[in-house]
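What the coordinates show
Take a look at the letters that make up each chain.
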Amino acid sequence: MRVLVVEDERGLAAAIARGLAEEGFAVDVAHDGVDGLWSATHEPHDVIVLDIMLPGLSGYEVLKRLRAAKVWTPVLMLTAKDGEYDEADALDLGADDYLSKPFSYVVLLAHLRALLRRGAPERPTILSAADLTLDPARRQCRRSGQDIPLTAREFALLEFLLRRPDEVVSKTDILTHVWDENFDGDTNIVEVYIGYLRRKIDTPFGRQTIDTVRGAGYRLSTGG
């Protein structure tokens, strides 16, 4: 999943980005409201962490302009303010959630997962395709009752595919959401990681869950 963090405290922004990256998220960071608004409206994200007190444009103004532009990406407002009117203002402007500083990283991560589930009705707590299940909260993958150990990148790739069941997704889409916009390596890295996943979730179980669609990308079949 790709997250945009708009936070002017550079140390905090870096810490959030580092923690999310370790959990398998692709993370973009902006340090002011102007850059944050541009990134949120011009680049695809699955969730946005948006500070209220920002230079350039406040988080309130960024949120207001996003919703006016019909950008419905789930937004978590993150701020040092903790008054009930600040929370009400954020929610009334179209925020999906609210978290006050200082905060626990574990709580932040739980809020983001909840937003991802809430963002669309097809985002359940546990993702599945036939007898393959993936639990993002517990970082657990299982098939036919057996645990399957995955690296953070493999987990992120499988989660991305499971959130788009039976859809054809391109290498570009995968790179954008599972890696990030600054990735400048060989795009064949996607093919390499698809191979890693197949050897872990399919081959030992005699399944073919991930199909290659020639010239288009990959498709995860819910039929397993």
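Above: the structure in question.
Below or above, wherever it landed, is the structure these notes cover. The shown structure was predicted, so the numbers you read here are calculated from the model rather than taken from an experiment.

1. Here's the deal with the packing of helix α1 (residues 10-22) against helix α5 (residues 105-118)
α5 packs onto α1 with a crossing angle of 65° between their chain directions and a minimal axis gap of 11 Å. Crossing of α1 against α5: the hand is right-handed. Residues Ile16, Gly19 and Leu20 of α1 form the contact with α5, whose own contacting residues are Tyr105, Leu108, Leu109 and Leu112. Residue composition of the contact of α1 with α5, by class: six nonpolar, one polar and no charged.

2. Description of the pattern of salt bridges
Applying the stated rule across the entire model yields 17 salt bridges. Across the pair aspartate 46 and arginine 164 runs a salt bridge whose closest N-O atoms are separated by 3.5 Å. With a gap of 118 residues between them, aspartate 46 in the loop between α2 (33-42) and β3 (47-51) and arginine 164 in the loop between α6 (152-162) and β10 (168-169) connect regions that are remote in the sequence. Across the pair, arginine 164 and aspartate 46 agree in class, each one buried.

3. As for the pairing of strand β4 (residues 75-79)
Across the five residues that make up β4, a large majority, five, are buried. Side-chain alternation along β4 places Val75, Met77 and Thr79 on one buried face and Leu76 and Leu78 on a second face that is also buried. As paired strands, β3 and β4 are joined by four bridges and run parallel to one another. By the bridge assignment, aspartate 51 is partnered in β4 with leucine 78. In this fold, β3 hands off to helix α3 (residues 59-68), which returns the chain to β4; that crossover is right-handed.

4. A word on the environment of threonine 151
One can find threonine 151 in the loop between β9 (146-147) and α6. Aside from chain neighbours lying at most four places away, what touches threonine 151 is Tyr193 and Lys200.

5. Considerations on the packing of aromatic side chains
For the structure on display, the rule yields two aromatic pairs. By way of ring pairs, the aromatic residues Trp179, Tyr193 and Tyr196 are connected into one cluster. For the cation-ring pair, arginine 139 lies above phenylalanine 155, with the distance from its terminal atom to the ring centre recorded as 4.0 Å.

6. Notes on the side chain of serine 221
Here serine 221 shows up in the segment after β12 (217-220). Judged by relative accessible area, serine 221 falls into the buried class, the value being 19%. When residues no more than four places from it in sequence are discounted, the contact partners of serine 221 are Ala129, Asp166, Thr209 and Asp211.

7. What about the sheet that holds β3?
Strand order across the open sheet formed by five strands is β2-β1-β3-β4-β5, with parallel pairing between neighbours. In this open sheet, the two edge strands, each paired with only one partner strand, are β2 (26-30) and β5 (97-100). Each strand axis lies, on average, 20° off the axis of its neighbour in the sheet, ignoring direction. Strand contacts of α2: β1 (2-6), β2 and β3, with the helix running at about 160° to β1, the strand carrying the most contacts. Sitting on the sheet, α5 is in contact with β3, β4 and β5, with an inclination near 175° to β5.

8. Comments concerning α6
Most of α6 sits inside the fold, with nine of its 11 residues counted as buried. Every buried residue belonging to α6 is among Glu154, Phe155, Ala156, Leu157, Leu158, Glu159, Phe160, Leu161 and Leu162, and all of these are buried.

9. Digging into the nonpolar core
If you look at the biggest cluster of nonpolar residues, it comprises 46 residues, and the most contacted ones within it are Leu20, Leu158 and Ile174. Per element, the largest residue contribution to this core is seven residues, and it comes from α6. Residues contacting leucine 158, with those up to four places away along its chain left out, are Leu132, Leu134, Cys141, Leu150, Leu197, Ile201 and Leu220. One finds Val6, Ala30, Leu50 and Leu66 within the second-largest nonpolar core, a separate group that totals 20 residues.

Cut-off values and rules
Residues numbered from 1 in each chain as written. Predicted model: local features only at pLDDT ≥ 70, side-chain atom pairs only at ≥ 80, totals over all residues. Heavy atoms only, no water. Axes fitted to C-alpha atoms, helices over the stretch in contact; angles between N-to-C directions. Helix = DSSP H or I, 4+ residues; strand = E, 2+ residues; numbered from the N terminus. Left-handed = near helix turned anticlockwise from the far one by under 90°. Contact = heavy atoms within 4.5 Å. Nonpolar A, V, L, I, M, F, W, Y, C, P; charged D, E, K, R; others polar. Salt bridge = Lys/Arg side-chain N within 4 Å of Asp/Glu carboxyl O. Buried < 20%, exposed > 50% of the residue type's maximum accessible area, 1.4 Å probe, protein only. Pairing = 2+ DSSP bridges. Right-handed = clockwise from strand over helix to strand, strands pointing away. Phe/Tyr/Trp six-rings, centres within 6.5 Å; stacked < 30°, edge-to-face > 60°. Lys NZ or Arg CZ within 6 Å of the ring centre and 35° of its normal. Core = buried A, V, L, I, M, F, W, Y, C linked by side-chain atoms within 4.5 Å.

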